[in-house]
Amino acid sequence: MKHTLKRNIILFTHIGKVMAPIKITYDDNEDITNSKSEITLLYNGVEYSASGSDYLWTDTFADLQMKLPKDVK
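All residue numbers refer to position in the chain's written sequence, counted from 1. Only residues with pLDDT of at least 70 get local features here, since the model is predicted, and only at 80 or more are side-chain atom pairs given and counted; chain-wide, interface and lining totals rely on the full set of residues. Note that the side-chain values use all heavy atoms of the structure and ignore hydrogens as well as water.

A separate point is the pairing of strand β3 (residues 37-43). We call a residue buried when its accessible area falls under 20% of the maximum for its residue type, exposed when it is over 50%, and partly exposed in between, using a 1.4 Å probe and counting protein chains only. Strands are runs of DSSP state E lasting at least 2 residues, helices are runs of H or I lasting at least 4, and numbering of each runs from the N terminus. Because side chains alternate across β3, one face comprises the buried residues Ser 37, Ile 39, Leu 41 and Tyr 43, and the other comprises Glu 38, Thr 40 and Leu 42, none of which is buried. At least two bridges found by DSSP between two strands is the condition for calling them paired. With five bridges connecting them, strand β2 (residues 16-27) and β3 associate as antiparallel partners. When the bridges of β3 are listed, Thr 25 appears paired with Glu 38. Looking at chain direction, β3 and strand β4 (residues 46-52) are connected through seven bridges and run antiparallel. Within the sheet, the bridge partner assigned to Leu 42 lies in β4 and is Glu 47. The antiparallel hairpin formed by β3 and β4 contains two residues in its connecting segment, where Asn 44 sits at a positive phi of about 55 degrees.

Relative to the assigned elements, Asp 27 resides in strand β2. Given a relative accessible area of 18%, Asp 27 falls into the buried group. Residue contacts are defined here by distance: any two heavy atoms, one from each residue, within 4.5 Å place the two residues in contact. Apart from residues no more than four positions distant in its own chain, Asp 27 is found in contact with Met 1, Lys 2, Ser 35 and Lys 36.

Moving on, we get to a nonpolar patch on the surface. A grouping of Ile 10, Phe 12 and Met 19 is seen on the molecular surface, where their side chains present a nonpolar patch of about 320 Å² in accessible area. As for its position among the elements, Phe 12 is in strand β1 (residues 2-13). With a relative accessible area of 46%, Phe 12 lands in the partly exposed category. Only residues whose relative accessible area exceeds 30% and that form no salt bridge are eligible for patches; like-charged ones are grouped when within 9 Å, while nonpolar side chains (Val, Leu, Ile, Met, Phe, Trp, Tyr) are grouped when within 5 Å. Using a 1.4 Å probe, accessible areas were evaluated by the Shrake-Rupley method; residue-level cover was limited to the displayed protein chains. Within this document, salt bridges are pairs made up of a side-chain nitrogen of Lys or Arg and a carboxyl oxygen of Asp or Glu, the two lying within 4 Å of each other.

Here four strands make up an open sheet; going across it, the order is β1-β2-β3-β4 and the pairing antiparallel. Whereas interior strands pair on both sides, the edge strands pair on one side only; in this sheet they are β1 and β4. Ignoring strand direction, the axes of neighbouring strands in this sheet form an average angle of 20 degrees. As judged from the 12 bridges shared by β1 and β2, these two strands associate in the antiparallel manner. Bridge pairing links Leu 11 to Val 18 in β2. Between N-to-C directions, angles cover 0 to 180 degrees, with each direction set by a line fitted to C-alpha atoms, over the stretch in contact for helices. On top of the sheet, helix α1 (residues 58-67) reaches β1, β2, β3 and β4; it is set at about 145 degrees to β4, its chief contact.

Ring pairs are drawn from Phe, Tyr and Trp, using the six-membered ring of Trp, whenever the two centres fall within 6.5 Å, and their geometry is named by plane angle: stacked under 30 degrees, edge-to-face over 60, tilted for the rest. Under the criterion given, the structure shown has one aromatic pair. Note on Tyr 26 and Trp 57: the rings are 5.3 Å apart at their centroids and 55 degrees apart in plane angle, and the pair reads as tilted. With Tyr 26 in strand β2 and Trp 57 in the loop between β4 and α1, this pair connects stretches of sequence that are 31 residues apart.

Shown next, in the form of structure tokens:
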């Protein structure tokens, strides 16, 4: 079953801390080896999307970090 979380996240940028809306969609499978997740983040007018297959979302957030501008953490 798919679940969606909509929250705000704090980003650290060259101008300081910035709040940005984030949406996390993930599968709630009993088989955690087959779990998938997606993250959509809106920052500075640009929508960034990332995906992964780690049930802890670790690789999904890593994918997102790689797509964000270098000065955004």
